[in-house]
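# Close look at the chain arrangement
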Amino acid sequence: METVRTLEGIGVGTRAVLAEVLRWSARQPLAAMAKSSLGPEIEVNTLSKAIVNLENQYAAKIKAAGNQELREILEAQCAFATDPELADLAKDFCEQGWDAPSALQLAMGEFKSLLEGAGGEFGERVADLDEIVYRLIQWMSGESDETVLPASGSFIIVADDLTPMDTIAFTDVVVGVVTKGGGPTSHTAIVCRARGIPAVVACAGADGLVNGQMVVIDPDASQVIINGSLADSDGDWWSVRPNLGAALIPVMANVGSVADAAQVKSAKGVGLLRTELFFLNNKVAPTRAEQQALYAQVLAAGPDGEIIVRTLDAGSDKPIAFLGIGREENPALGVRGQRVAAIAPKFYEDQLHAIKAAADAVKATGKKIDVWVMAPMIATIDEAQVFAKEARAAGITRVGIMVEIPAITRVIPHLKGVVDFLSVGTNDLSQYLFAADRVNSAVAALLNPWQPALLSTLEEIAADAAMAGIKVGVCGEAASDPLLAVVMAGLGINSVSASPSSVAAVTDLLSRVDVSAAKSAAMAARSATTARDAKAAAKGALLK
Ligand code: PEP
Ligand code: MG
């Protein structure tokens with residue numbers, strides 16, 4: 001009998017699965033740059049045909065995308081692929097004598113710097129652009145390296161990393177995913193979470209997995225188990241605890257589209273409405289009326305209860321062309337989030353008024369919603385005061401801020417009387433606390449939300465907010481982990497907001513704990529010195 005071995009990574013989801021490894025084809029290197037032997041006219045023609053073909057491919061995949069998040073990612077990529085500016089740039093390079101694949105690569109290089117100039121760093125969107133170039137060149141070369149999935153069976157896909165075009169091809173035979181790259185907030189993690197596919201990302205040992213090998217993915221333990229069985233995994237461990245009938249703290253949902261809102265109709269409200277996701281592809285600013293119509297649609301489609309709308313969180317990994325954010329060396333530390341309001345005051349003023357008008361219009365239809373507004377990336381009391389004043393002037397009565405920058409965690413007592421609530425964004429809070437770029441898979445382990453320093457920070461935030469009499473929720477991805485949500489409740493957090501596909505699991509586990517169980521889990525986690533031990537300790541406390 002071979003010995004059981006484990007590979008460490010970052011788990012996505014809670015359900016363990018045993019299946020056969022199927023390696024996803026690795027990308028072939030692009031051909032070297034070359035001058036054309038056919039002449040510009042033929043090269044331009046090839047290029048135009050490739051773009052039309054890719055547009056058709058996207059159209060088919062967008063249609064097939066059962067999931068809104070995935071659809072939006074593909075739509076964004078398609079918009080880049082068919083941008084006339086990109087085609088014009090590439091045609092210019094064809095005219096200069098380059099063959100179509102080379103012209104495209106040169107054009108994309110320029111296109112990237114143009115966009116960087118317009119909207120700051122891209123983070124994962126650079127990968128989107130590379131994906132487009134790869135697909136176009138692949139079509140031009142007449143080759144295809146797409147992995148063909150078997151018609152039946154159950155497989156765990158193993159890859160260096162996956163793009164949205166890859167994940168869209170997944171059928172029901174894909175029951176798990178392991179990637180060497182990626183992180184807790186990468187495309188792969190988002191898509192797997194949304195589709196309920198257990199995954200382990202940022203798994204350095206993934207290279208060693210071979211086709212046909214049977215492995216267990218145990219996302220709850222953030223492990224891939226080799227030569228093991230499901231009995232070695234954590235499985236559905238919490239079902240031994242009786243359901244007490246209601247979640248210990250309210251579980252709200254994170255929403256980024258009308259479809260998300262409709263999907264979480266039964267949640268206890270929306271803890272984060274990411275408004276920037278509506279405008280990622282806009283080249284011109286939407287009018288106040290356009291914004292109002294959009295927000296009204298989401299509010300009408302979503303759940304009753306408290307709906308927390310976040311003002312535009314642009315910049316850094318969320319570039320928005322119409323805001324005029326200049327090129328920055330370190331965009332994650334530059335003009336992003338609420339800081340953008342200083343350079344685009346009209347948009348922010350319009351947005352606050354549009355939110356208020358949409359809320360009033362939807363309430364007038366009889367829908368029982370209470371719309372709150374919060375600002376992202378607040379660092380100082382002064383910034384909180386300015387935002388709160390503007391939001392209240394627009395008629396909004398419940399005003400809050402996100403806690404994502406370590407500086408604001410040090411001055412929470414001074415927020416008394418300034419804001420009505422706080423919402424912790426653990427994605428960015430981790431990024432800034434650990435000096436670890438949230439879109440760089442090389443540092444993903446530092447962004448594990450079970451890191452003791454993050455738990456300690458959450459505990460302090462909860463204690464300071466309670467002293468100041470301000471309610472505090474958590475809306476970062478960390479709150480989509482049911483066990484971590486229980487720990488948060490034990491640390492004194494008042495509500496959590498999870499991704500749409502995680503709301504049910506988070507609600508289920510939070511319905512199986514009382515205050516004292518949550519406190520024991522929190523205390524156990526807080527006494528650990530590593531992320532892995534913190535999670536194991538919390539679980540051990542609930543299984544006692
Ligand atoms: C966060 O930073 O945790 C958060 C919820 O905001 P976003 O992920 O949209 O930056
Ligand atoms: Mg954030």
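Residues numbered from 1 in each chain as written. Chains lettered and ligands numbered in written order. Predicted model: local features only at pLDDT ≥ 70, side-chain atom pairs only at ≥ 80, totals over all residues. Heavy atoms only, no water.

Evaluated as defined, the whole model comprises 20 salt bridges. A salt bridge links Lys 367 to Asp 304; the nearest nitrogen and oxygen atoms lie 3.0 Å apart. Residue Lys 367 is located in the loop between α10 (345-363) and β12 (369-375), and its partner Asp 304 is located in the loop between α9 (288-301) and β11 (305-310); the two are separated by 63 residues in the primary sequence. Here Arg 438 makes a salt bridge to Asp 428, at a shortest N to O gap of 2.8 Å. (Salt bridge = Lys/Arg side-chain N within 4 Å of Asp/Glu carboxyl O. Helix = DSSP H or I, 4+ residues; strand = E, 2+ residues; numbered from the N terminus.)

The next subject is the side chain of Asn 427. Of note, Asn 427 is situated in helix α13 (residues 426-433). Take Asn 427: its relative accessible area is 13%, and that puts it in the buried class. Setting aside chain neighbours within four positions, we find Asn 427 in contact with Thr 185, Arg 274, Arg 438, Gly 476, Glu 477 and Ala 478. (Buried < 20%, exposed > 50% of the residue type's maximum accessible area, 1.4 Å probe, protein only. Contact = heavy atoms within 4.5 Å.)

Moving on: helix α17 (residues 515-526). The end-to-end C-alpha separation of α17 is 16 Å, in line with the 16 Å expected for 12 residues at 1.5 Å each. Burial in α17 covers these residues: Ala 517, Ala 518, Ala 521, Ala 522, Ala 524 and Ala 525. Looking straight down α17, one finds that the buried residues subtend no more than 165° of arc, so they occupy a single side. Looking at the buried residues of α17, the elements they touch are α14 (452-468), α15 (482-491) and α18 (531-543). (Expected span 1.5 Å × (residues − 1). Arc of directions from axis to C-beta.)

Turning our attention to unusual backbone geometry. Of note, the phi angle at Ser 222 is positive, near 55°, even though the residue is not glycine. Position of Ser 222 among the secondary structure elements: in the loop between β7 (214-218) and β8 (223-226).

This part takes up empty space enclosed by the protein. Considering all chains together, one arrives at 3 cavities of 30 Å³ or more under this definition. By volume, the second largest cavity is sized at about 70 Å³. In terms of lining residues, the second largest cavity is bounded by 13 residues, among which Arg 274, Arg 310, Met 402, Glu 404 and Asn 427 are the most central. Looking at the lining of the second largest cavity, the elements with two or more residues in it are β10 (270-274) and α13. When grouped by side-chain class, the residues that make up the lining of the second largest cavity number 3 nonpolar, 3 polar and 7 charged. (1 Å grid on protein atoms, 1.4 Å probe; cavity = no way out; pocket = protein on both sides within 12 Å on 5 of 7 lines; lining within 4 Å. Points joined across faces, edges and corners; volume = space filled by probe spheres on them. Nonpolar A, V, L, I, M, F, W, Y, C, P; charged D, E, K, R; others polar.)

Looking now at the site of ligand 1. Lining the immediate environment of ligand 1, one finds 14 residues, of which Arg 274, Arg 310, Lys 318, Asn 427 and Arg 438 sit closest. Here an oxygen atom of ligand 1 and a backbone polar atom of Gly 425 are 3.4 Å apart. Taking Asp 428, its main chain carries an N or O atom lying 3.0 Å from an oxygen atom of ligand 1. Structurally, ligand 1 is housed in the second largest cavity. With 3 residues, the single largest contributor to the shell around ligand 1 is α13. Of the residues belonging to the shell around ligand 1, the class tally is 3 nonpolar, 4 polar and 7 charged. (Near = heavy atom within 4 Å. Polar contact = N/O pair within 3.5 Å; in protein donor to acceptor, adjacent residues only side chain to side chain. Sits in = over half its atoms within 2 Å of the grid points.)

Turning our eyes to something else, we now look at the sheet that holds β10. The strand order around the closed barrel formed by 8 strands is β9-β10-β11-β12-β13-β14-β15-β16, and the pairing between neighbours is parallel. Ignoring which end each strand starts from, the neighbouring axes of this sheet average 30° apart. Of the pairings in the sheet, the one linking strand β14 (residues 421-424) to strand β15 (residues 471-474) comprises 4 bridges and is parallel in character. What sits directly across from Ser 423, in β15, is Gly 473. The sheet strands contacting α10 are β11 and β12, and the helix crosses β12 at an angle near 170°. (Pairing = 2+ DSSP bridges. Axes fitted to C-alpha atoms, helices over the stretch in contact; angles between N-to-C directions.)

A few words now on the coordination of the magnesium ion (ligand 2). Protein ligation of the magnesium ion (ligand 2) involves Glu 404 (OE) and Asp 428 (OD), the donor distances falling in the range 2.0 Å. With Glu 404 in the loop between β13 (399-403) and α12 (406-409) and Asp 428 in helix α13, this pair connects stretches of sequence that are 24 residues apart. (Donors = N, O, S within 2.8 Å, 3.2 Å for Na, K, Ca; no water.)

The next thing to look at is the sheet that holds strand β1 (residues 5-8). Sheet strands pair by backbone hydrogen bonding; their relative direction is either parallel or antiparallel. With mixed pairing, the 8 strands of this open sheet are ordered in space as β1-β8-β7-β3-β4-β5-β6-β2. Edge positions in the sheet fall to β1 and β2 (10-12), since each has one partner strand and no second. Going from strand to strand, the sheet's axes swing by 30° on average, the running direction of each strand aside. Pairing between β2 and strand β6 (residues 199-201): 3 bridges, direction antiparallel. Looking at the pairing, Gly 11 lines up with Val 200 of β6.

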